[in-house]
Amino acid sequence: MVQATDQEVSTRWGWYCVQTLASKESLALLHLQRQNFEVFLPRLTRARRHARRYDTVLAPLFPGYLFVRMDPQRQRWRSINGTFGVARLLLAGDWPLQVPPGVVEALLEACDASGQLRSDQRETLQLDEEVRILIGPFADRVARVARLDAKGRVDLLLELLGRSVSLTLPRSAVLKTA
């Protein structure tokens, strides 16, 4: 019997992307964990409007997707496609498509133990930079940073009805756009 070297073992193990059914990321996460897969669902705090009120909820960073760490040569990866909440495992031909090394690891470092993106790990903002608003009535809109203060607040310029509107939000309420 031939033993695999450490290098061969490390290249087989990797992170793979799983597409979930609409709004079923948590269900897929639970059932994949029950099958003893290592699963990662990065989340962040987002604003939600419900019954004329705004509140914040923990939402997936990539809606409709999560990550599974496995060795496709040793694990029964085809069972992922039959898991509750899962639409499909992303494939390249007949074989699972591995996420490039370092991508998921960087996300893991930026998140806490529960998978929530830490606000202290978000990039530092610069003046005149574009950010996405995460909470309030302007959630998911893009604005420009006008001023940063020492108390953790950000003054933003938001294009609304053909003119720039100024608003101030906590630093944790915005996320730098890519």
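Residues numbered from 1 in each chain as written. Predicted model: local features only at pLDDT ≥ 70, side-chain atom pairs only at ≥ 80, totals over all residues. Heavy atoms only, no water.

**Description of the confidence of the model for the chain**
In the predicted model, the chain carries a mean pLDDT of 85, and 88% of its residues have values of at least 70. Contacts from residues 4-10, a stretch scored under 50 in pLDDT, to residues over four places away or in other chains number 2 contacts. (pLDDT = per-residue confidence, 0-100. Contact = heavy atoms within 4.5 Å.)

**Some details on the packing of aromatic side chains**
Within this structure, the stated rule accounts for 4 aromatic pairs. When the ring of Phe-62 is compared with that of Phe-67, the centres are 6.1 Å apart and the planes differ by 90°; the resulting orientation is edge-to-face. Assessed through its relative accessible area of 34%, Phe-62 is described here as partly exposed. For Phe-67, a relative accessible area of 7% gives the class buried. (Phe/Tyr/Trp six-rings, centres within 6.5 Å; stacked < 30°, edge-to-face > 60°. Buried < 20%, exposed > 50% of the residue type's maximum accessible area, 1.4 Å probe, protein only.)

**Here's the deal with the sheet that holds strand β11 (residues 153-160)**
The 5 strands lie next to each other as β12-β11-β10-β9-β13, forming an open sheet whose pairing is antiparallel. Since the sheet does not close on itself, it has two edges, and those belong to β12 (163-170) and β13 (174-176), each with one partner. The average undirected angle you get between the axes of adjacent strands in this sheet is 45°. Relative to β12, β11 runs antiparallel, the two being bridged by 8 bridges. When the bridges of β12 are listed, Glu-159 appears paired with Ser-164. (Pairing = 2+ DSSP bridges. Helix = DSSP H or I, 4+ residues; strand = E, 2+ residues; numbered from the N terminus. Axes fitted to C-alpha atoms, helices over the stretch in contact; angles between N-to-C directions.)

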